[in-house]
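As a plain string of letters, each chain reads:
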Amino acid sequence: GFEWDVREAAWRRMVEQLKLYADQHDGCCNVPEGWPENPQLAKWVSHQRQEAGLLNQGKKAKIDFERISELDDIGNGFKWGGFAGAA
């Protein structure tokens, strides 16, 4: 059907790709940077980490705590680097 919210639809597609990745990698959500099998997913995961870092610093970000929590629930949990996640 018609997608009213293109950004939300894109988010959902990438979350589903990350879930597939986790299923195929023993629950791991740490997609390697520049992963040749799905460079778009690798870039998206890196971008989510960057946006979470901005949010953690109190800056404007394109991710919110609800989405962070959603990513944390995938596989063995999303790896944020220096960011603690939804806490």
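The preceding data block contains the structure.
Now for a description of the structure that goes with this document.

Thresholds applied
Residues numbered from 1 in each chain as written. Predicted model: local features only at pLDDT ≥ 70, side-chain atom pairs only at ≥ 80, totals over all residues. Heavy atoms only, no water. Salt bridge = Lys/Arg side-chain N within 4 Å of Asp/Glu carboxyl O. Helix = DSSP H or I, 4+ residues; strand = E, 2+ residues; numbered from the N terminus. Buried < 20%, exposed > 50% of the residue type's maximum accessible area, 1.4 Å probe, protein only. Expected span 1.5 Å × (residues − 1). Contact = heavy atoms within 4.5 Å. Axes fitted to C-alpha atoms, helices over the stretch in contact; angles between N-to-C directions. Parallel < 35°, antiparallel > 145°, perpendicular 65-115°, else oblique. Nonpolar A, V, L, I, M, F, W, Y, C, P; charged D, E, K, R; others polar. Phe/Tyr/Trp six-rings, centres within 6.5 Å; stacked < 30°, edge-to-face > 60°. Lys NZ or Arg CZ within 6 Å of the ring centre and 35° of its normal.

Let us look at the pattern of salt bridges. One pass over the structure, following the stated rule, counts four salt bridges. Here E8 and R12 are joined by a salt bridge, their closest N and O atoms 3.0 Å apart. Of this pair, E8 and R12 both sit in helix α1 (residues 6-24), separated by four residues, roughly a single helical turn. Classification of R12 as partly exposed rests on a relative accessible area of 37%. Linking E70 and R12 is a salt bridge whose minimum nitrogen-to-oxygen distance equals 2.4 Å. Placement of the pair is E70 in helix α3 (residues 65-72) and R12 in helix α1, with a sequence separation of 58 residues. On the basis of relative accessibility, which here comes to 23%, the residue E70 falls in the partly exposed class. Beyond isolated ion pairs, a larger network of salt bridges with shared partners links E8, R12, R67 and E70.

Side chains of residues three or four places apart in an α-helix project in the same direction, reflecting 3.6 residues per turn. Along its 18 residues, helix α2 (residues 39-56) runs 26 Å from first to last C-alpha, staying within 8% of the 26 Å computed at 1.5 Å per residue. For α2, the complete set of buried residues consists of L41, A42, W44, V45, Q48, E51, A52, G53 and L55. Tucked inside the fold, the buried residues of α2 contact α1 and α3.

Turning our attention to the packing of α1 against α2. Packing of α1 against α2 brings their axes to within 10 Å, and their N-to-C directions diverge by 105°. One element, α1, and the other, α2, form an angle in the roughly perpendicular class. Residue-level contacts link W11, M14, V15, Q17, L18 and Y21 of α1 to Q40, L41, W44, V45 and Q48 of α2. Considering only residue class, the contact of α1 with α2 consists of eight nonpolar, three polar and no charged.

A word on the environment of Q48. Looking at where Q48 falls in the secondary structure, it is placed in helix α2. Spatially, the C-alpha atoms of Q48 and A61 are 9.6 Å apart, while their sequence positions differ by 13 residues.

Moving on, we get to the packing of aromatic side chains. Two aromatic rings, taken as a pair, are described by how far apart their centres are and by the angle between their planes. Summed over all chains, the structure comprises three aromatic pairs. Between the aromatic rings of F78 and W80, the centroid separation amounts to 4.3 Å while the plane-to-plane angle is 50°, which identifies the pairing as tilted. Taken as a pair, F78 and W80 share a single burial class, namely buried. Positioned above the aromatic ring of W11, the side-chain terminus of R67 is 4.3 Å from the ring centre.

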